[in-house]
There are 2 protein chains.
Amino acid sequence: MIDARLITLRVFSSAGTIARTAELTGYSPSAVSTQLRELQRSLGMKLMTKDGRGIRLTVAGRHFVTGLDDVVAQWELLKASALAADGQAQSHLGLGGFSTAAAQLLAPLAATLRTTRPHVKVQLMEAHPQRCLDLLLAERIDLAVIVAAQTSGSSGAGARFEQTVLLDDQLDVVLPAEHRLAMNKTVSLEELAEDPWITESEQSVYRALFVAAFASLGATPRVAHEAVEWETMIAFIAAGLGVGLLPRLATLGGGENVVRRRISGAAKPSRRIVAVTRKGSRGSPLIQESLTALQTIAQGIISQRLTDELDG
Amino acid sequence: MIDARLITLRVFSSAGTIARTAELTGYSPSAVSTQLRELQRSLGMKLMTKDGRGIRLTVAGRHFVTGLDDVVAQWELLKASALAADGQAQSHLGLGGFSTAAAQLLAPLAATLRTTRPHVKVQLMEAHPQRCLDLLLAERIDLAVIVAAQTSGSSGAGARFEQTVLLDDQLDVVLPAEHRLAMNKTVSLEELAEDPWITESEQSVYRALFVAAFASLGATPRVAHEAVEWETMIAFIAAGLGVGLLPRLATLGGGENVVRRRISGAAKPSRRIVAVTRKGSRGSPLIQESLTALQTIAQGIISQRLTDELDG
DNA sequence: AATAATCGTGCACAATTGGTGCATGATCGA
DNA sequence: TCGATCATGCACCAATTGTGCACGATTATT
């Protein structure tokens, strides 16, 4: 409704390159290029400038985008409150989430919505957290479930998104079956301070959690290997290459030769899973209902985990 | 830049009918009809409903428009401040004003802009005050010079427009040449309380001024005839049908058999001439410059009038 | 130093969007 | 009852807007 070119600009401000913007918005690169040029022409101002082989926002451009964030947020707010007041509801809802969230939270949500709002077309989309945010910007999805980043978004995420905490997903350790602590019911991080670790790549959310957990103990463990997928990490661990952290929500996936153990002791790292919406859109009935449903589902998971806790 | 359909909706909220909206926006009626329907469909809400042979905003629709006013204002603000910060300027400027204003204020302004901003395409448009406001809404013009209405706009003009006072244009009386007071240098309204008057139609701005002026004297003079154009009124007066009020800025236009006299005494009615812009757009360099230029021109007129005063 | 990879843009072409003009049905005023 | 006004549906048409590919430029790689 807000001019598509403005949305494109907003995505570009997060994506950084025309190519990525095109991929996120679903346009072709030349379309994005044209849109942005046309936008500048019709505004009568230079928003971007060449920078090496790419392009980059000018100072004016960044200011403009900042202001645009407010306008878009207010527009979303208007749309949401109008929908809420009118009783009518939108007919389409795009949901995004990273792997485990998509499986454990979004799938039940979609199932719920199918019964409560049969006429709403729900579209699921699995994507990594940062990509979820970009898709949110690009209006490809309306709600995303991601892992909260402490470095909460590079460029003023507060002006663009709103978060709702769903649950704190505690991390377990995964050990080789023949590990010296494999027989213990629980393991503390202190006991593993000297072990070689397998984590995600630098600058990833999980690496940050990992570092923070050990920093609180005054230790800096050795990172022996890096993996992107849990499955890869588990394979490494099964091969005896080290130990690793795995969120409780993530399944071990038939991992042979590895055991999962709860973490005891002072440092109990967890990842915070949040639902994110475009700023202002939270008041929409459909979003509202989705959020509360998600919280219910999350509650269910937490209590499920508690009973597991008693069993284990 | 904001979706055209939203602008159309805004205009409709002021115009009231599809036909008038079409005329104001420059679209055909069927285009407006389609736009508004499409808007409702893509928002998933009913903004308007049939009402007799026309259509009318629903409650939800009115709320929506109210919120939309804020969004549009914020967007204008963003655009203006971005232009101001960037130094660049828009290439087009639409000016609107009612007859005398167009002649005496807008023409000089256009002349000034032609020298200070040669590359800006200025477009003049003469229209009645209410129509000027609608054209402003429809983005056909960017600045209008109108007579301030004390009933300042029907539907929340404050949320849509911003005013800048230019000058107070005093009203003179016009008398038939053979009138008993025609020889006096000045005439007071009290002396004319019993005369038959010729004014504009009920509910017009000038009628309101007329009524207010006499109300302050505790009198309610008799309105014998009504005229829309000054010229018509003057012709009536020349024919001896009554007396009338004429703004100082309005020329007598070779009126035979009539005389113009200053008003003395307690009640000195005047019409307030203001410049109006869309809310938020005032910060744009071009608008800014136009406003100050207008004030300068208005000052010139006032001082010109002062010297006349001394002469007369 | 040379080659490959990536990025943005320009252009011809295609398709969808979006507007016009006219006819129609409905409502209101005289 | 007739005419006027209003909104809308439809066929047609135009202009905007996106695609696909080629190209020049710049950076990374070997």
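Below is a summary of the structure that appears in this document. The numbering scheme is per chain: residues are counted from 1 as the chain's sequence reads. Key to labels: chains lettered from A, ligands numbered from 1, both in the order written. A pLDDT threshold of at least 70 governs which residues receive local features in this predicted model, and a stricter bar of 80 or more applies before side-chain atom pairs are shown or counted, although totals over entire chains, interfaces and linings include all residues. Where side-chain values are given, they derive from all heavy atoms of the structure, hydrogens and water being excluded.

**Observations concerning the relation of the copies chain A and chain B**
Right, so step 1: Our superposition of the copies is a least-squares fit, built on the C-alpha atoms of residues whose pLDDT is at least 70 in both. The two copies are related by a screw motion: chain A maps onto chain B through a turn of 180 degrees and a shift of 0.0 Å along the axis, at an RMSD of 0.0 Å. Both copies are brought into coincidence by an operation consistent with a two-fold rotation axis.
Right, so step 2: Here 100% of the interface residues in chain A have copies in chain B that are interface residues too; the copies meet face to matching face. Whether two residues touch is decided by their heavy atoms; if any such pair falls within 4.5 Å, the residues are in contact.

**Description of the side chain of Asp-134 of chain B**
Right, so step 1: Helix and strand assignments come from DSSP, with helices taken as H or I runs of at least 4 residues and strands as E runs of at least 2, each series counted from the N terminus. Mapped onto the elements, Asp-134 of chain B comes out in helix α6 (residues 129-137).
Right, so step 2: Judged by its relative accessible area of 1%, Asp-134 of chain B is buried. For every residue, the accessible area (1.4 Å probe, protein chains only) is compared with the maximum for its type, and the residue is labelled buried under 20%, exposed over 50%, or partly exposed between those bounds.

**So, the nonpolar core**
Right, so step 1: We define a nonpolar core as any set of buried Ala, Val, Leu, Ile, Met, Phe, Trp, Tyr and Cys residues linked to one another through side-chain atoms lying within 4.5 Å. Grouped together as the largest cluster of nonpolar side chains are 141 residues, with contacts concentrated most on Leu-9 and Phe-64 of chain A together with Leu-9, Phe-64 and Leu-105 of chain B.
Right, so step 2: If one sorts the elements of this core by residue count, helix α4 (residues 59-86) of chain A sits on top with 10 residues.
Right, so step 3: Listed in part, the 55 residues of the second largest apolar core include Val-145, Ile-198, Ile-234 and Ile-287 of chain A.

**Topic: the pattern of salt bridges**
All names here are of chain A.
Right, so step 1: Salt bridge, as used here: a side-chain nitrogen of Lys or Arg that lies within 4 Å of a carboxyl oxygen of Asp or Glu. Per the stated rule, a full pass over the model turns up 38 salt bridges over all chains.
Right, so step 2: The salt bridge partner of Asp-169 is Arg-271, with a shortest N-O separation of 2.8 Å. Within this pair, whereas Asp-169 is found in strand β6 (residues 161-176), its partner Arg-271 is found in strand β12 (residues 270-278), the two being separated by 102 residues in sequence. For the pair shown, Asp-169 and Arg-271 are each scored as buried.
Right, so step 3: Via salt bridges that share partners, Glu-76, Lys-79, Asp-142 and Arg-278 belong to a single interconnected network.

**Things to note about the interface of chain A and chain B**
Right, so step 1: With 26 residues of chain A at the contact, the number on the chain B side is 26 residues.
Right, so step 2: Values labelled buried area give the accessible surface lost by two parts on being combined, using a 1.4 Å probe and summing over both. Across the chain A/chain B interface, buried area totals approximately 2,200 Å², and carbon plus sulfur atoms make up 72% of it.
Right, so step 3: Across the chain A-chain B interface, the total number found is 0 salt bridges.
Right, so step 4: For this analysis, a polar contact is any N or O atom pair within 3.5 Å, provided that within protein one partner can donate a hydrogen and the other can accept it, and provided that sequence-adjacent residues contribute only side-chain to side-chain pairs. At the junction of chain A and chain B, the tally comes to 0 residue pairs in polar contact (both at pLDDT 80 or more).
Right, so step 5: If you list the elements that add at least two residues to the side of chain A that touches chain B, you get α1 (4-15), α3 (29-43) and α4 of chain A.

**Brief notes about the protein's contact with DNA strand C**
Right, so step 1: In the region of DNA strand C, 17 residues are neighbours, and Ile-18, Ala-19 and Ser-33 of chain A together with Ser-28 and Ser-30 of chain B sit closest.
Right, so step 2: We call a residue near a molecule or strand whenever a single non-hydrogen atom of that residue lies within 4 Å of it. Of everything in DNA strand C that lies within 4 Å of the protein, sugar and phosphate atoms constitute 72%.
Right, so step 3: Between DNA strand C and Ile-18 of chain A, the relevant distance is 2.9 Å, taken from a phosphate oxygen to a main-chain nitrogen or oxygen of the residue.
Right, so step 4: Note that a phosphate oxygen of DNA strand C is positioned 2.7 Å from one of the side-chain N or O atoms of Ser-28 of chain B.
Right, so step 5: Of all the secondary structure elements, the ones that give two or more residues to the surface near DNA strand C are α2 (18-25), α3 and β2 (54-57) of chain A together with α3 (29-43) of chain B.

**Notes on the environment of Thr-232 of chain B**
Right, so step 1: The residue Thr-232 of chain B is located in helix α8 (residues 230-238) in this model.
Right, so step 2: In this structure the C-alpha to C-alpha distance between Thr-232 of chain B and Ser-188 of chain B, which are 44 residues apart in sequence, comes to 23 Å.

**Notes on the protein's contact with DNA strand D**
Right, so step 1: Around DNA strand D, 18 residues are found, and the nearest of them are Ser-28 of chain A together with Ile-18, Ala-19, Ser-33 and Arg-37 of chain B.
Right, so step 2: Expressed as a percentage, the sugar and phosphate content of the atoms of DNA strand D within 4 Å of the protein is 74%.
Right, so step 3: At 3.0 Å from a base oxygen of DNA strand D is found a side-chain nitrogen or oxygen belonging to Ser-30 of chain A.
Right, so step 4: One nitrogen or oxygen atom from the side chain of Arg-37 of chain B is found 2.7 Å from a phosphate oxygen belonging to DNA strand D.
Right, so step 5: Put simply, the parts of the chain that give the surface near DNA strand D at least two residues each are α3 of chain A together with α2 (18-25), α3 and β2 (54-57) of chain B.
Right, so step 6: The element contributing the most residues to the surface near DNA strand D is α3 of chain B, with 4 residues.
Right, so step 7: In terms of residue class, the surface near DNA strand D is made up of 6 nonpolar, 9 polar and 3 charged. Any residue outside Ala, Val, Leu, Ile, Met, Phe, Trp, Tyr, Cys, Pro, Asp, Glu, Lys and Arg is labelled polar, Gly included; the first ten of those are nonpolar and the last four are charged.

By themselves, these observations are geometric and do not establish any function.
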